[in-house]
Amino acid sequence: MEEWWLLFETDFEMLNPDLQRYVHNSFYRFAYKEIIFLIRDYALAEDIIQEAFLKVIAKQHQLVNPGSAKQWIRRIIRNQMLDTLRRNKNYEMSVENVYKGNHIAATLETNISVENKVEEALRNQILHETILELKEDYQSLLLKYYMHEKPLKEIAAELEVNEQAIAQRLVRARKKLLFHFSRKWDDKLD
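Residues numbered from 1 in each chain as written. Predicted model: local features only at pLDDT ≥ 70, side-chain atom pairs only at ≥ 80, totals over all residues. Heavy atoms only, no water.

### Quick word on the packing of aromatic side chains
Spelled out, the test is: Only the six-membered ring of Trp is used, alongside the rings of Phe and Tyr, when aromatic pairs are assigned; centres must lie within 6.5 Å, and planes under 30 degrees apart are stacked while those over 60 apart are edge-to-face, with the rest tilted. Secondary structure elements follow DSSP: runs of H or I of four or more residues count as helices, runs of E of two or more count as strands, with numbering from the N terminus. Residue exposure (1.4 Å probe, protein chains only): buried if accessible area is under 20% of the type maximum, exposed if over 50%, otherwise partly exposed. In our convention, an over-ring charge means Lys NZ or Arg CZ found within 6 Å of a ring centre and within 35 degrees of that ring's normal.
The full count for this structure, using the stated rule, is two aromatic pairs. Geometrically, the ring pair formed by tyrosine 28 and tyrosine 32 is stacked, given 5.7 Å between the ring centres and 20° between the ring planes. One end of the pair is tyrosine 28 and the other is tyrosine 32, both in helix H1 (residues 17-39) and four residues apart, which spans about a single turn. Classification of tyrosine 32 by relative accessible area gives partly exposed; the value is 24%. For the cation-ring pair, lysine 135 lies above tyrosine 138, with the distance from its terminal atom to the ring centre recorded as 4.8 Å.

Printed below as a string of structure tokens:
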């Protein structure tokens, strides 16, 4: 069942034990993917998931629109993660822990709060996902220009197109990226 979060429309305590276990396991997998990518700490992720699950169960009556259940659950998970990180000031996040393996550069100052680090990592994750959802030629162009820092002239020569055409494609690619990124970012914040 792909839409397990719709089960939160019913009273969780009234579900049979097998269905409760299923909902909890589905919630765990869903939350784990959301959290571990950002904090890279298994034990802390477990704590956050457990607390978030309890909050979702306790607040399920506050869910007004079942169609937005997934976003509502994500918001609770994110808020729980930020609350836990704020309480646990000894937890030190580094760029490697926050965004290991990603090619998008994250410049973090040492005095930025943990919340800002998590938010920046979340923004970078969404940016990376959004780039991968663009048309292949837009992806390629954005990566060549921004990641590989190739000048327009070199990209134009590679693609055997004039420089002005590459500049126009780059403008279109950036507009597309901004449009899709903004929608995803707004969804994450809701």
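### Some remarks on the packing of helix H2 (residues 42-59) against helix H3 (residues 69-87)
Rule in force here: Axis definition: a line fitted to C-alpha atoms, over the contacting stretch in the case of helices. Angles run 0 to 180 degrees between N-to-C directions. Any angle between 65 and 115 degrees counts as roughly perpendicular, while under 35 counts as roughly parallel, over 145 as roughly antiparallel, and the rest as oblique. Here a crossing is taken to be left-handed if its near helix is turned anticlockwise relative to the far helix by less than a right angle, and right-handed if that turn runs clockwise. In what follows, residue pairs with any heavy atoms lying within 4.5 Å of each other are defined as contacts. When residues are sorted by character, Ala, Val, Leu, Ile, Met, Phe, Trp, Tyr, Cys and Pro go into the nonpolar class, Asp, Glu, Lys and Arg into the charged class, and all the rest, Gly among them, into the polar class.
Between H2 and H3, the least distance of the axes is 9 Å, while the angle of their chain directions is 130°. Relative to H3, the element H2 lies oblique. The chirality of how H2 crosses H3 is right-handed. Contacts from Leu44, Ile48, Glu51, Ala52, Lys55, Val56 and Lys59 of H2 reach H3 at Trp72, Ile73, Ile76, Ile77, Gln80, Met81, Asp83, Thr84 and Leu85. Of the residues in the contact of H2 with H3, the class split is 10 nonpolar, two polar and four charged.

### Digging into the environment of leucine 82
Within the element layout of this structure, leucine 82 appears in helix H3. Its relative accessible area of 5% is what places leucine 82 among the buried residues. Separated by 37 residues in sequence, leucine 82 and glutamate 119 have C-alpha atoms that sit 9.0 Å apart.

### Overview of the pattern of salt bridges
Basically, it comes down to this: The rule for a salt bridge is simple: a side-chain nitrogen of Lys or Arg has to be within 4 Å of a carboxyl oxygen of Asp or Glu.
According to the stated counting rule, one finds four salt bridges in the structure shown. Between lysine 144 and glutamate 158 there is a salt bridge, with its nearest N and O atoms 3.0 Å apart. Linking lysine 144 in helix H6 (residues 136-147) with glutamate 158 in helix H7 (residues 152-159), this pair joins segments that are 14 residues apart in sequence. A salt bridge links lysine 150 to glutamate 158; the shortest N-O distance between them is 2.5 Å. A relative accessible area of 38% means that glutamate 158 is categorised as partly exposed. Among the charged side chains, a network of salt bridges with common partners joins Lys144, Lys150 and Glu158.

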